[in-house]
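Listed below, chain by chain, are the residues.
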Amino acid sequence: MRTVYPHEFFRLDFEQILVEARRQETIHPANKGEYTIAKKIYDYFDSDVFSLVAQNDWVYDAASRFASDYAIECFHHMRLAGERTFKTQTRLQKLNSKVEEFIARAFHEGAAPQAIEIELVKASDFLEIVQLSKLPAKMRSEAQNLHEEVVDHEALQMLVTIKQIVGDYETLLPRIMYVVRRVEKVRQGLPKASSDNDLLGMSASLSWYEDHISVGHTLYPVLGKDLRGFYKVARNVGSHHEGFEWKASTNEVILTDRNDQVEMHAHDFQKKYRYLSMYVCDFGMRGLLAAFCQREKGAVSNSLVREYVKIFPEDFPGGEMGVLRPYTE
């Protein structure tokens, strides 16, 4: 394992997100094209944002404020959300294994002849390939109980996802965009304003994105067409704890707030979550910190990386991390 400085440490995690985007495309046909969008956002932070943090003092000033005033708050949010997500995903994996084991036993009982031929969309669909009438009474009861348990947890997984969207939308996104707003002002040749020093509220942020993140912009797939059409609705539903429905039979998610209703397949719902949380927020936070640390190379950078590693559970599977070598203070 190689020795890395703080900026290289954050850079490794920045790179790992792109690896995950490639993996997502192999999981389901609905994810086709996801890597292309992720790579464009990666390139945006890697070239435009990195270079301006390094070369433009006004943008670096915003990155410094992000590092000193906002990053720890982002870490705390990510730590709490990550532990919740990791816990529910680990539980779901265990339930998936229980379903696979049950199907194998049902197959040997002659009650699941299509088990080898059919790939389930989700674990709770296993009753579609199991002929309950051919099972012993004890296994029939076991199947019903297992199905209820899996359906309940799959619904919980969807709720965890929407809570993650709410947290990222309200906490990570505006803090990352505090820096990106200045990047865009430099890129687009826009005049400075006193409001550039402010962390915008969500209403002002929505208006700013719509005015400056237009069709053709790298961030448009997330901060343009879907911002009011999906993310605002998801945020309202998740914040108010009502208006969420998951139809297990069709694997559809329905979000209803006071003014709008959004209905989509669960795969699309999860994909929109990844677009915001991974490809804007994760790329953005790790990218900004990598760029900041590479220029600052001091006490703030050393402190940030020590706090950052606390985000991940001890048994969290990750990519290459490296052995940290602090900067000389």
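All chains use their own residue numbering, which begins from 1 and follows the written sequence. With pLDDT at 70 or above as the cut-off, local features in this predicted model cover only qualifying residues; side-chain atom pairs require 80 or more to be listed or tallied, and sums for whole chains, interfaces and linings still use all residues. With hydrogens and water excluded, all non-hydrogen atoms of the structure serve as input to the side-chain values.

1. Points about the pattern of salt bridges
For step 1, the next point in the chain: The rule for a salt bridge is simple: a side-chain nitrogen of Lys or Arg has to be within 4 Å of a carboxyl oxygen of Asp or Glu. Following the criterion strictly, the structure yields 23 salt bridges and no others.
For step 2, the next point in the chain: E15 is the salt-bridge partner of R11, the closest N and O atoms lying 2.8 Å from each other. Of this pair, R11 and E15 both sit in helix α1 (residues 6-27), four residues apart, which is roughly one turn of that helix.
For step 3, the next point in the chain: The buried label applies to any residue whose accessible area, calculated with a 1.4 Å probe on protein chains only, is under 20% of its type's maximum; exposed applies above 50%, and partly exposed to all values in between. For R11, a relative accessible area of 23% translates into the label partly exposed.
For step 4, the next point in the chain: Judged by its relative accessible area of 28%, E15 is partly exposed. Helix numbering and strand numbering both begin at the N terminus, where a helix is a DSSP run of H or I of at least 4 residues and a strand a DSSP run of E of at least 2.

2. Things to note about the packing of aromatic side chains
For step 1, the next point in the chain: Planes of paired rings set the category: under 30 degrees apart is stacked, over 60 is edge-to-face and the rest tilted, where pairs are Phe, Tyr or Trp rings (Trp by its six-membered ring) whose centres lie within 6.5 Å. As enumerated under the stated definition, the model contains 17 aromatic pairs in all.
For step 2, the next point in the chain: Measuring from ring centre to ring centre gives 5.8 Å for Y42 and F283, while their planes differ by 65 degrees; the resulting arrangement is edge-to-face. Of this pair, Y42 sits in helix α2 (residues 34-55) while F283 sits in helix α8 (residues 266-296), and the two are 241 residues apart along the sequence. The burial state of Y42 is the same as that of F283; both residues are buried.
For step 3, the next point in the chain: Counting every residue linked through ring pairs, the aromatic cluster contains F14, Y42, F50, Y275, Y279 and F283.
For step 4, the next point in the chain: The aromatic ring of Y35 is capped on one face by R22, whose charged end is 3.7 Å from the ring centroid.
For step 5, the next point in the chain: Just above the ring of Y60 sits the side chain of R295; from NZ or CZ to the centre is 4.1 Å. Geometrically, a charge over a ring is one whose NZ (Lys) or CZ (Arg) sits within 6 Å of the ring centre while staying within 35 degrees of the ring normal.

3. Examining the packing of α2 against helix α4 (residues 137-188)
For step 1, the next point in the chain: Axes, fitted as lines to C-alpha atoms, cover a helix only where it is in contact. Angles between the N-to-C directions of the axes lie from 0 to 180 degrees. The interhelical angle for the contact between α2 and α4, taken along N-to-C directions, is 85 degrees, at an axis separation of 10 Å. Relative to α4, the element α2 is oriented roughly perpendicular. Residue-level inspection shows Y44, F45, D48, V49 and L52 of α2 in contact with α4, the latter providing V180, V183, E184, V186 and R187.
For step 2, the next point in the chain: Side-chain classes follow a simple rule in which Ala, Val, Leu, Ile, Met, Phe, Trp, Tyr, Cys and Pro form the nonpolar group, Asp, Glu, Lys and Arg form the charged group, and the remainder, Gly included, forms the polar group. For the contact of α2 with α4, the residue count by class is seven nonpolar, no polar and three charged. Working rule for angles: under 35 degrees goes down as roughly parallel, over 145 as roughly antiparallel, 65 to 115 as roughly perpendicular, anything else as oblique. What makes two residues a contact is simply this: any of their non-hydrogen atoms within 4.5 Å.

4. Considering helix α3 (residues 57-108)
For step 1, the next point in the chain: Two axes define the bend at a residue: one fitted to the seven residues ending there, one fitted to the seven starting there, and the bend is the angle between them. At Y70, α3 is bent by approximately 55 degrees, the largest bend along its length.
For step 2, the next point in the chain: Polar contact is defined as a pair of N or O atoms within 3.5 Å, subject to the rule that within protein one atom must be able to donate a hydrogen and the other to accept it, and that residues adjacent in sequence are counted only when both atoms are side-chain atoms. Where α3 begins, the side chain of N56 points an oxygen toward the backbone nitrogen of W58, at a separation of 3.0 Å.
For step 3, the next point in the chain: One or two steps after α3, the chain reaches G110, where phi turns positive at roughly 80 degrees.

Note that every value here comes from positions in space, so none of it alone points to a role or purpose.
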